[in-house]
Amino acid sequence: MLIAIMTACGGLLFGYDVGVISGALLFLGKNFSLTDQGQEVVTSAVLVGSFLGALGAGWYTRRFGGRSANMLAGAIFVVGAFASAASDSAETLTMSRLLVGIGIGITAVAAPLYVAEIAPPDRRGMMITLYQLFITIGIMVSYIVDLAAAPHWRVMFGLGAVPGVVLAVGMSFMPSSPRWLASRGRMAEAKKVLDRTLEPALAETALREIQADLDSQKSQSHWWLAFRSRAARRALVITTTLAVFQQLIGINAIIYYAPRIFQKAGFVDEKAALWATLVVGLVNVVATFITIGMVDKTGRRKLLIWGLAGMVTSLGILGIAFKQFDNSDNQKTSQQASAATATTTAATPAASTFADVASPKDLPSTPEGSESLAWLTLVCVIVYIACFAFSMGPLVWVLIGEMFPLQARCTGNAIACGGNYFANFIVGATFLSMLTAFGASNTFLLFASMAMFALLFVLFFLPETAGRTLEEIERDLGEGTPSGQHPVR
Ligand code: BGC
């Protein structure tokens, strides 16, 4: 548990930085006279850095192990946080944010992988879910820091160093992953770690299975040969598809634009809209506990299926409910819309600042929504966030951590995580343009259809992995075990 909590600090870094920028940009923009585009560059630097960090982490983790990768990420993050806080120009800030992103990308690969390799099979899901829990807590904390520290943006960025220090220092006291040690031929050390983290009987079996796994793959001299195995290819397709769809179902668009959506639906008071942001953040944290409690007993598939079904439904209702706005907006504000397209093209979700929230450009805050529609919208957004938080949020990280065979693990994780950040960047860069081009209703319906696709994908292609050892999962994937065949033990 200590290992899982320590590693989850990587999630805290991720969440904190996703959230902190919205408050910081308000004041930064003035200090550095940042244009809209300048703000977008500063914001997306983190995502670009995460993408690069995730890809590089594949090589690094394979060579030096998950523990070392997490320590490195913590250290990079501390440097990046201080450099951001001390920046004196938009350029240095962008470079510092890129560095922070690299740290985040490395933990996204190394944290779930390291925890999956060290956790006992019957608690693995819960332990990796702590990573997602810390992401959601990081987002909440950043909202609170933004409110409390305003207008001191240097403090906002600088405080991000705290979880970085905890991660870097804390990890130095943790053991290396037994699977990584074994893959470097350090069997005696691997055995010691297994003895410390598993029951004696389980430790013996685990060591034998790891050894057998390594023997069967010894002849592979290059990492890409690992993907010749059916198990590795299936793991790659399943995890990367789900990692990309975690973003294509619109989670960050909804998280960032929730206040605007509420305003559009009829909650015109700015304070109410800001409160709504906090409510969304809180629901995101609380619903993650459902997974912590259920993931190893109920299994991954069921939670994903329920969650995705809930998201299809809530997004579908939002889409239909917003239809009437789009029609009236089209008639009333066609001129406004084209002006908005010019200013918001390629905006990232995180570029949405509290100022935007107070005066939304693309979603006019006229009190056109009836009271019942406003409440319906609030309920739908909350249901959507809760469903994400107990399904696609944590389970993508759980599956990325546990599905790959040993030899393909680092590279596979890096590709799936890289896909996740890339999709995150794309949704961010296109969301506002989509709103103006297609209208809110069609945008929600598009997200709903993405969630529908992900649901069908899980139903037909995802085998149950709960309660199985990493080596058993590899066997299931290699044998093409039909989805859901292994009930949770
Ligand atoms: C996603 C993030 C998202 C967060 C919300 C994570 O699993 O990868 O993009 O912001 O969940 O809680």
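Rules used in this analysis
Residues numbered from 1 in each chain as written. Predicted model: local features only at pLDDT ≥ 70, side-chain atom pairs only at ≥ 80, totals over all residues. Heavy atoms only, no water. Phe/Tyr/Trp six-rings, centres within 6.5 Å; stacked < 30°, edge-to-face > 60°. Helix = DSSP H or I, 4+ residues; strand = E, 2+ residues; numbered from the N terminus. Buried < 20%, exposed > 50% of the residue type's maximum accessible area, 1.4 Å probe, protein only. Lys NZ or Arg CZ within 6 Å of the ring centre and 35° of its normal. Near = heavy atom within 4 Å. Polar contact = N/O pair within 3.5 Å; in protein donor to acceptor, adjacent residues only side chain to side chain. Areas by Shrake-Rupley, 256 points an atom, 1.4 Å probe, with all protein chains shown as cover. Nonpolar A, V, L, I, M, F, W, Y, C, P; charged D, E, K, R; others polar. Salt bridge = Lys/Arg side-chain N within 4 Å of Asp/Glu carboxyl O. Core = buried A, V, L, I, M, F, W, Y, C linked by side-chain atoms within 4.5 Å. Contact = heavy atoms within 4.5 Å.

Remarks on the packing of aromatic side chains
Turning to step 1, where the next piece is worked out: Taken as a whole and judged by the stated rule, the model has 13 aromatic pairs.
Turning to step 2, where the next piece is worked out: Residues Phe 32 and Trp 153 carry aromatic rings whose centres are separated by 5.5 Å and whose planes lie at 70 degrees to one another, so their mutual orientation is edge-to-face. Placement of Phe 32 in the loop between α1 (2-31) and α2 (36-86) and of Trp 153 in helix α5 (residues 153-159) is noted, with a sequence separation of 121 residues between them. With respect to class, Phe 32 is no different from Trp 153; both count as buried.
Turning to step 3, where the next piece is worked out: One aromatic cluster is present, formed by Phe 245, Phe 453, Phe 457 and Phe 461 through successive ring pairs.
Turning to step 4, where the next piece is worked out: Over the ring of Phe 64 we find Arg 63; its NZ or CZ atom is 5.5 Å from the centre of that ring.

Some thoughts on the site of the ligand
Turning to step 1, where the next piece is worked out: Among the 15 residues in the neighbourhood of the ligand, the closest are listed as Gln 132, Gln 246, Gln 247, Asn 252 and Asn 284.
Turning to step 2, where the next piece is worked out: Gln 246 has a polar side-chain atom sitting 2.9 Å from an oxygen atom of the ligand.
Turning to step 3, where the next piece is worked out: The contact in question runs from an oxygen atom of the ligand to an N or O atom on the side chain of Asn 252, over 2.6 Å.
Turning to step 4, where the next piece is worked out: Compared with its free state, where it exposes 310 Å², the ligand has 100% of that area covered by protein.
Turning to step 5, where the next piece is worked out: Only α4 (124-149), α10 (230-248), α11 (251-265), α18 (392-402) and α19 (409-461) provide two or more residues apiece to the shell around the ligand.
Turning to step 6, where the next piece is worked out: Looking at the shell around the ligand, the element that brings in the most residues is α4, giving 4 residues.
Turning to step 7, where the next piece is worked out: Residues belonging to the shell around the ligand are distributed by class as follows: 6 nonpolar, 9 polar and no charged.

Focus on the pattern of salt bridges
Turning to step 1, where the next piece is worked out: The final tally for this structure, using the stated rule, is 12 salt bridges.
Turning to step 2, where the next piece is worked out: For the salt bridge of Arg 97 with Asp 17, the shortest nitrogen-to-oxygen distance reads 2.5 Å. You can see Arg 97 sitting in helix α3 (residues 90-118) and its partner Asp 17 sitting in helix α1, a full 80 residues away along the chain.
Turning to step 3, where the next piece is worked out: Here Asp 17 falls in the buried class, since its relative accessible area comes to 6%.
Turning to step 4, where the next piece is worked out: Salt bridges sharing partners connect three or more residues here, namely Arg 124, Asp 296, Arg 300 and Glu 402.

Concerning the environment of Gly 439
Turning to step 1, where the next piece is worked out: Checked against the element boundaries, Gly 439 lands in helix α19.
Turning to step 2, where the next piece is worked out: Owing to a relative accessible area of 11%, Gly 439 belongs among the buried residues under this scheme.

Some details on the nonpolar core
Turning to step 1, where the next piece is worked out: Counting 116 residues, the largest nonpolar core has Leu 242, Met 311, Ile 385, Met 392 and Trp 397 as its most contacted members.
Turning to step 2, where the next piece is worked out: Sequence-distant contacts of Trp 397, that is, excluding residues within four places in its chain, are made with Phe 14, Ala 108, Pro 112, Ile 128, Tyr 131, Gln 132, Ile 135, Gln 246, Cys 417 and Asn 420.
Turning to step 3, where the next piece is worked out: With 18 residues, the next largest nonpolar core counts Leu 25, Phe 32, Val 42 and Leu 93 among its residues.

Looking at the environment of Met 126
Turning to step 1, where the next piece is worked out: Within the element layout of this structure, Met 126 appears in helix α4.
Turning to step 2, where the next piece is worked out: Distance from Met 126 to Gly 293, taken between C-alpha atoms, is 7.1 Å for residues 167 residues apart in sequence.

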